Amino acid sequence: MKPSTDITRLIEIMAALRTPGTGCPWDLEQDFASIAPYTLEEAYEVVDAIERGDLADLRDELGDLLLQVVFHARMAEEQGAFAFPDVVEAITRKLIRRHPHVFGNTEDLSPEEVKNLWDSIKSEEKAERRAAREKLGQLPEAHEAGFLGGIPAALPALTRAQKLTAKAAKVGFDWPEAAQVIDKIHEELEEVKEASSSGARDRIEDEIGDLLFSVTNLARHFGIDSERALRRTNAKFERRFKAIELALGEQDRSLDEASLEEMEELWVAAKLTEREPGPSS
């Protein structure tokens, strides 16, 4: 086979990899559950390429993510459930249905009206999926039960926390002011301190979870994506720690040979360097 810009070639390659007897042993032994972690990993790598501004890498990572879709679709086809064309048909139908202001007669909507219309259509789709499952004798999915249903449990915890509080806020279950959330964070931090003195690991874990949840809620109040904010801080930590390592290397010393006080001094130096204004040009 030769590379191609035609999606059909990718589907054919996936089918060949999954063909018993002549396919790839590793691909053949996979199932939905074993592939799911790779699907998540590829999605994260797409985001990473975007945040690094690396479009060449983004092209490759999008291809890897597309492969995941084709892989899952092929396994479903083997079970007689659906095939890749059904996936395409489902998403095109959804996009057309959710954009009547583009593909229908509803026009001249404001961004807020579009969002409200989107939410209404999504609710209709959810009800239709539930009815279809009941017709097939399937019980409702546990994650879809209740008002907060439909928020996938597999989402990163910070992202899911933000979505949970955002949905609860739609019915008024929310702190009206960000300052109140800040007060709540201080309250949760005090509870972490109390729990830490008890030495009870489960209690400490619960209180730290409450603290993280409140911080995520604060991010939502300011319109900040908590997951993205933490990724930025992770990158900042890595960058400054690397500066410590490089500075010690210039002294022919390793990290193990430096004291905490020395590393803290180099950390502050790296922090100050980042804050220095660049050349005006």
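Residues numbered from 1 in each chain as written. Predicted model: local features only at pLDDT ≥ 70, side-chain atom pairs only at ≥ 80, totals over all residues. Heavy atoms only, no water.

> Can you help me understand the overall build of the protein chain in this one?
Counting its secondary structure elements, the protein chain contains 12 helices and 0 strands. Taken from the N to the C terminus, the helices and strands of the protein chain come in the order α-α-α-α-α-α-α-α-α-α-α-α. Compactness check: the protein chain gives a C-alpha radius of gyration of 25 Å against a globular reference of 19 Å for 281 residues, more than 25% above the reference. Dimensions along the principal axes, computed over C-alpha positions, put the protein chain at roughly 65 × 55 × 55 Å. Residue pairs at least 24 apart in sequence account for 48% of intrachain contacts in the protein chain once pairs closer than 6 positions are excluded. Here the protein chain contributes 36 positive and 57 negative side-chain charges, whose respective centroids are spaced 5 Å apart. (Helix = DSSP H or I, 4+ residues; strand = E, 2+ residues; numbered from the N terminus. Rg over C-alpha atoms; globule rule 2.2 N^0.38 Å. Contact = heavy atoms within 4.5 Å. Lys, Arg positive; Asp, Glu negative; His and termini not counted. Charge placed at Lys NZ, Arg CZ, Asp CG, Glu CD.)

> Is there a simple way to explain the environment of E29 in this structure?
Note on placement: E29 falls in the loop between helix 2 (25-28) and helix 3 (32-52). Here E29 falls in the exposed class, since its relative accessible area comes to 59%. Here the alpha-carbon distance between E29 and R18, two residues 11 residues apart in the chain, equals 8.8 Å. (Buried < 20%, exposed > 50% of the residue type's maximum accessible area, 1.4 Å probe, protein only.)

> Sorry, what's going on with the side chain of N217 here?
Relative to the elements of secondary structure, N217 occurs in helix 10 (residues 201-221). Non-local contacts of N217, meaning those with residues more than four positions away in its chain, are made with T165, D174, W175 and V181.

> Which parts of the structure should I look at to understand the packing of aromatic side chains?
Each aromatic ring pair is characterised by the separation of its centres together with the angle its planes make. Evaluation of the coordinates by the stated rule reveals 3 aromatic pairs. A centroid spacing of 5.8 Å and a plane angle of 85° characterise the contact between W26 and Y38, whose relative ring orientation is edge-to-face. Taken together, the residues span a long stretch of sequence, with W26 in helix 2 and Y38 in helix 3 at a distance of 12 residues. The exposure class assigned to W26 is partly exposed, which follows from its relative accessible area of 37%. Of the residues examined, Y38 reaches a relative accessible area of 36% and is grouped as partly exposed. Taken together, a centroid distance of 5.4 Å and an interplanar angle of 50° make the contact between F237 and W267 tilted. Highlighted residues: F237 in helix 11 (residues 226-250) and W267 in helix 12 (residues 260-275), separated in sequence by 30 residues. The class for F237 is partly exposed, based on a relative accessible area of 48%. Every member of this aromatic cluster is reached through a ring pair, and the members are F237, F241 and W267. (Phe/Tyr/Trp six-rings, centres within 6.5 Å; stacked < 30°, edge-to-face > 60°.)

> Please clarify how the environment of K184 should be interpreted in this entry.
Counting through the fold element by element, K184 comes out in helix 9 (residues 178-198). A residue is classified by how much of its surface remains accessible, and K184, at 23% relative accessible area, is partly exposed. Residues K184 and L211 lie 27 residues apart in sequence; the distance between their C-alpha atoms is 8.6 Å.

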